[in-house]
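Tertiary structure, described
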Amino acid sequence: MNEFTAPSIDWSALSPVLVSLGGAVVVLLVSLFLPVRIRRGFGAVVASVCFLAAGAAAIALFAADETGRGIVADALRRDRLAELAEIFVMGAGLLTVGVSFRERGGGDRAGEYYALLLTAASGMAFFVSASNLMTLFLGLEWFSICLYVLTAIAVERLSGLEAGLKYLIVGSFGSAVLLFGSALVYGATGAIGFEQIAAGTDDAERLFVVAGLAMILVGLAFKASAAPFHMWTPDVYEGAPTPITGFMSAATKVAALVVTLRVLVTVFPSEAELWTVALAVIVCISLAWGNLAALVQTNVKRMLAYSSISHAGFLLMAIAAGNALGGRALLYYLIAYSAVSVGSFAVVAIRERELAGPVTLASLAGFGWERPFLGTSMALFMFGFIGLPPAGIFLGKFYVFSAVIDRGWTWLAIVGVVATVVSVYYYAGVIRAMFMQRRELAVVAAGGSPPTDRALVAAVAVAVVVTIGSFVAADPLLEIARDAVALLPFPEG
Amino acid sequence: MQGVLLAALDDWFPFLVYALFAAAIPGSMLLFSFALSTRRKERAPRAQRMPFESGVSTGPPKLQRFTVSFYLTAMLFIVFDIEIVFLYPVAVVLDVVGPFALAEFGFFIAILAIAYVYVWKRGALEWR
């Protein structure tokens, strides 16, 4: 029998994953022994501390790692791309804790809720540093399963159960497609490490490599909720607890898109001509479908779900450019996009708690005058989604468009501009509903004066700061984004 | 030719023995139930003329309602059962891999223990 040598494990490099996972175990076990009324507070405190610690660990690693390195026998890769994505995920998790704090009901499940949130973030941190096909699939399943359960965690709500089941079935299908693709790529090249596959594709049977590439791309597009693989998105976003929807739309997207970028650029550099065109097609479908379907929505969560599909289009456009400028644009865009998305779902969450029912455009009437800070923030987030100047998405879109123009695809940038113009209608519709609906149409909030919710307001305030901050401090953030993608082997430039 | 056959037999002999045993067990059950049966063929009451005297009634099965606890317990059993199966491969290579395997083994058991404590405290093992 062969001699076995245990891989040396660099524990500090794994710290963002381990801290959040350890926190999850603590929350899960300790809250069982606590009285129900303090479980939520305990879970929220531990989760916040863990997200902060994991984020700080990721920042420290980002500062230290000039060059990437493989860890745990090259199954995972530490580089600035992974660490930056971990910082985004942990930040989104921290804000989600604030948004969830006053969520109604489920006090006895609070331990599970925060434990699953931490585990999901931990899985995403693992996923973004995956460096072979096995860890890729493992990470994908790890965070997906947590999200399936979180979607259905409010078991009294039928829509939540429906959403959880749909997400489970469609998500598992996506994972299975990705796994099948991985098997084909492994079969063709005999390697599972990303770099080994890239080195082996030249002598491999091209049919299997291309089929594997297509299936891996489909699996990742499911997670990024890009059309035509978006069917689950509106129902799941609508049925899931609103704080979780915010977390999914920010953190899942970060994880899925960063991994898409890494896999396509590192594993399939020889097929770059193919996947850039495939992505351009997915981008066009996502932009068209997302924007057109969002126009007719009256439920705000559903509208934001379609908006998230169209933003998946913009984000994939950055990858479709297939150059370093595109990679930079993607990461910069994700900063602003995550903040805007968590923030807007936070505002929807508080309105939902006031009304004890779904938030529609009609039931937003007068919200801007009742809650000036939250209303103004929501207006800012809507301007942000459109891509207007006080928010960082403005520059994000600008860089995405310049990346595709740099590639010579001016037509794709024009598609993006048209999609942006169409999107003005439904984003502005929210602002109109909040500020310009006539008073007599305004819905009276149920149960007297609205409850104060400092944690949620603080989370919205942080989201506002990041949204505007990413615009004001664009230069340093672009530097960071450039460092993060510096090690990826882009085919050109 | 003969050498090849012998070599194949060498490799597959344990499976041959296994297959013989696998066939012998159900075969002997059928055989002995006929050989040792004490019933008289003629004038036997109806119950005795059925293949198995004390078996399940041949009527249509009644619709039964299982308690939810049954499914929960069964699922938990499968989870822990399958996890325990993973211990076998570790046990086989323990002498090769050495203390690392033992440490991983312990860690794995610890994770199972956490899950067990969780399931227990959450009341999933109570029969309702």
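Before going into details, it helps to say that this report is about the structure given with it. Predicted, not measured: the structure shown is a model, and the values here were computed from it.

Another aspect to go through is the packing of helix α3 (residues 80-100) of chain A against helix α10 (residues 242-267) of chain A. All names here are of chain A. The interhelical angle for the contact between α3 and α10, taken along N-to-C directions, is 175 degrees, at an axis separation of 9 Å. Judged on the interaxial angle alone, α10 and α3 are roughly antiparallel. Seen from α3, the contacting residues are Leu81, Ala85, Phe88, Val89, Ala92, Gly93, Thr96, Val99 and Ser100; seen from α10, they are Pro243, Gly246, Phe247, Ala250, Ala251, Val254, Ala255, Val258 and Arg262. Of the residues in the contact of α3 with α10, the class split is 13 nonpolar, four polar and one charged.

At the junction of the two partners, chain B supplies eight residues and chain A supplies seven residues. Of all the secondary-structure elements, those providing two or more residues to the side of chain B that touches chain A are α5 (94-97) and α6 (99-121) of chain B. Looking at which element gives the most residues to the side of chain B that touches chain A, the answer is α6(B), with five residues. Taken together, the residues that form the side of chain B that touches chain A break down as six nonpolar, no polar and two charged.

For the rest of this paragraph, the subject is helix α19 (residues 474-485) of chain A. Residues and elements named next belong to chain A. The terminal C-alpha atoms of α19 lie 16 Å apart, and with 12 residues this matches the ideal 16 Å at 1.5 Å per residue to within 8%. Considered for burial, the residues of α19 that qualify are Ala474, Leu477, Ala481, Ala484 and Val485. All buried residues of α19 lie within an arc of 85 degrees about the axis, which places them on one face of the element. Exposed residues lying more than 90 degrees from the buried face of α19 are Asp475, Pro476 and Glu479. Buried residues along α19 sit in contact with α3, α13 (324-355), α16 (393-407) and α18 (454-472).

Take the nonpolar core next. The tendency in soluble globular proteins is for nonpolar side chains to be buried as a group. Residue and element names in this part refer to chain A. Of all hydrophobic cores here, the largest spans 190 residues; its most connected members are Val89, Ala255, Leu316, Tyr333 and Ala346. In terms of residue count, α13 provides more of this core than any other element does, 20 residues in total. Discounting chain neighbours no more than four positions away, the residues touching tyrosine 333 are Phe314, Leu315, Ala318, Ile393, Gly396 and Val400.

Parameters at a glance
- Residues numbered from 1 in each chain as written.
- Chains lettered and ligands numbered in written order.
- Predicted model: local features only at pLDDT ≥ 70, side-chain atom pairs only at ≥ 80, totals over all residues.
- Axes fitted to C-alpha atoms, helices over the stretch in contact; angles between N-to-C directions.
- Helix = DSSP H or I, 4+ residues; strand = E, 2+ residues; numbered from the N terminus.
- Parallel < 35°, antiparallel > 145°, perpendicular 65-115°, else oblique.
- Contact = placed C-beta atoms within 7 Å.
- Nonpolar A, V, L, I, M, F, W, Y, C, P; charged D, E, K, R; others polar.
- Expected span 1.5 Å × (residues − 1).
- Buried ≥ 20, exposed ≤ 12 C-beta atoms within 10 Å, placed from the backbone.
- Arc of directions from axis to C-beta.
- Core = buried A, V, L, I, M, F, W, Y, C linked by C-beta atoms within 7 Å.

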